[in-house]
Amino acid sequence: VVDDAEIDGPQSVTIEAGAVDWNTGTAAITVSDNDPGELQFSAGAYEVEESAGSFTITVIRTSSSTGEISVDCTVSGGSATAGTDYTAVSQTLIFADGQTEKSYTITILDDDQREGDETIDLSLSNPGNGATLGSTGTAVVSILDDEFPGLPYQQDFSAGMPSDAWEYYSSGSTGRIQVVGGRL
């Protein structure tokens, strides 16, 4: 067994031994990887309603879970504004030996501005104690604006209007707008 610096997970080998006039025997040996693993977001893109109040992001450790490791998490950038649309959070997550998931929460601030959907950029950096970054070391959170209807929107009104709908008619117009549950 040669200890390498590659994160390659557990490795197995089957050994078969025998001799003339002896029974043949086999044994399987599994060597656990002692490399610390890769760290990445659980997804590359997330969505959260502006009115949700908060959103939890999960960072996962793959390939191995040996040893204590850390990673810096930064929440910034994108089209959303820190302090107005979300509370900026930068922190270091520490994974204990054997731990494969850590989460942290971003506070989402609900405003009364019609600004459309906005984004927040997430990034992982400075993996510690030999860990590396996986394929999703960056991610984007889309904050879905609750004051602004998503467009384009199509609605089939041929069966009539739902009873909980709000309708707007404009004199001389040929169409109508319907808002159900706060969305067009």
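Computed from a prediction, not measured in an experiment: that's the story for all the values here. (Residues numbered from 1 in each chain as written. Predicted model: local features only at pLDDT ≥ 70, side-chain atom pairs only at ≥ 80, totals over all residues. Heavy atoms only, no water.)

Time to look at unusual backbone geometry. Here Ser63, not a glycine, exhibits a phi torsion of approximately 75°, which is positive. Among the residues examined, Ser63 registers a relative accessible area of 34% and is labelled partly exposed. Despite not being glycine, Asn129 has its phi angle at roughly 60°, a positive value. Note on placement: Asn129 falls in the loop between β9 (118-125) and β10 (132-133). According to the relative accessible area criterion, Asn129 is exposed, its value standing at 56%. (Buried < 20%, exposed > 50% of the residue type's maximum accessible area, 1.4 Å probe, protein only. Helix = DSSP H or I, 4+ residues; strand = E, 2+ residues; numbered from the N terminus.)

Let us now look at the packing of aromatic side chains. Taken as a whole and judged by the stated rule, the model has one aromatic pair. Centroid distance Tyr46 to Phe55: 5.6 Å. Interplanar angle 70°. Geometry classified as edge-to-face. The class of Phe55 is buried, set by a relative accessible area of 15%. (Phe/Tyr/Trp six-rings, centres within 6.5 Å; stacked < 30°, edge-to-face > 60°.)

Bringing a nonpolar patch on the surface into the picture now. A cluster of nonpolar residues, Val13, Ile15 and Ile29, forms a patch on the protein surface that exposes about 230 Å² of accessible area. Within the secondary structure layout, Val13 lies in strand β1 (residues 11-17). (Patch = residues over 30% accessible without salt bridge, like charges linked within 9 Å, V, L, I, M, F, W, Y side chains within 5 Å. Areas by Shrake-Rupley, 256 points an atom, 1.4 Å probe, with all protein chains shown as cover. Salt bridge = Lys/Arg side-chain N within 4 Å of Asp/Glu carboxyl O.)

A few words now on the sheet that holds β10. Read from one edge to the other, the open sheet built from four strands follows the order β8-β5-β3-β10, with strand pairing classed as mixed. Taken across any chain shown, the strands that pair with only one partner, and hence form the sheet edges, are β8 (101-107) and β10. Here seven bridges tie strand β5 (residues 54-62) to β8, and the two strands are oriented antiparallel to one another. By the bridge assignment for β8, Phe55 is matched with Ile106. (Pairing = 2+ DSSP bridges.)

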